[in-house]
Amino acid sequence: MIIFGSRSYLYQLAMLTLVCARCDNPAAHSLRKRVVKFTLFFVPLFPFSVKYSTQCTFCGVEHKLPKEQAEQLLAQVRSQQPQPQQAYGQQAPQQPMGQGQGQGQNPFRNN
Ligand SMILES: [Zn+2]
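Before going into details, it helps to say that this report is about the structure given with it. (Residues numbered from 1 in each chain as written. Predicted model: local features only at pLDDT ≥ 70, side-chain atom pairs only at ≥ 80, totals over all residues. Heavy atoms only, no water.)

Further remarks concern the side chain of H29. Position of H29 relative to the elements: it lies in strand β2 (residues 26-40). Of note is the side chain of H29, whose polar atom sits 2.8 Å from the backbone oxygen of A27. Leave out the neighbours within four places in its chain, and H29 touches A14, M15, L16, L18, V19, C20, T54, Q55 and C56. (Helix = DSSP H or I, 4+ residues; strand = E, 2+ residues; numbered from the N terminus. Polar contact = N/O pair within 3.5 Å; in protein donor to acceptor, adjacent residues only side chain to side chain. Contact = heavy atoms within 4.5 Å.)

Note that soluble globular proteins tend to have their nonpolar side chains buried in a common cluster. Counting nine residues, the largest nonpolar core consists of A14, L16, L31, Y52, L65, A70, L73, L74 and V77. Elements with a minimum of two residues in this core: β1 (4-19) and α1 (67-80). No other element matches the four residues that α1 contributes to this core. (Core = buried A, V, L, I, M, F, W, Y, C linked by side-chain atoms within 4.5 Å. Buried < 20%, exposed > 50% of the residue type's maximum accessible area, 1.4 Å probe, protein only.)

A few words now on the packing of aromatic side chains. Tallying each qualifying case throughout the model produces two aromatic pairs. Plain terms: the ring middles of F38 and F46 are 5.3 Å apart, the flat faces sit at 20 degrees to each other, and that makes the pair stacked. Look at F46 and you get partly exposed, because its relative accessible area is 43%. Put simply, the rings of F4, F38 and F46 touch in pairs and so form one group of aromatic residues. Over the ring of Y11 we find K33; its NZ or CZ atom is 5.9 Å from the centre of that ring. The positively charged end of K37 is found above the aromatic ring belonging to Y9, 4.9 Å away from the centroid. (Phe/Tyr/Trp six-rings, centres within 6.5 Å; stacked < 30°, edge-to-face > 60°. Lys NZ or Arg CZ within 6 Å of the ring centre and 35° of its normal.)

Below you can see the structure in the form of structure tokens.
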């Protein structure tokens, strides 16, 4: 007997500030990706459905959107993120990362 089915996974990709089409508020929307995977004996094997949607955090309405549009939004979010990080980086020193790399390299040098 073969037991197969499906299992859905919900990923939150980003938070976006969009004007909601329903409540008309410039509210935060979560960009979500729902992946439905085919399972065999309860083991997820491969995804056969990937859907993107945004959900308004103000009124809770969910809008489906095509993959291309979701990737566009994601690209926008990712291109916007480095700017505030650079601004904070001027205040916060980036030394901890440099030290971590140095510690990783030293054992090899000693050998
Ligand atoms: Zn809304």
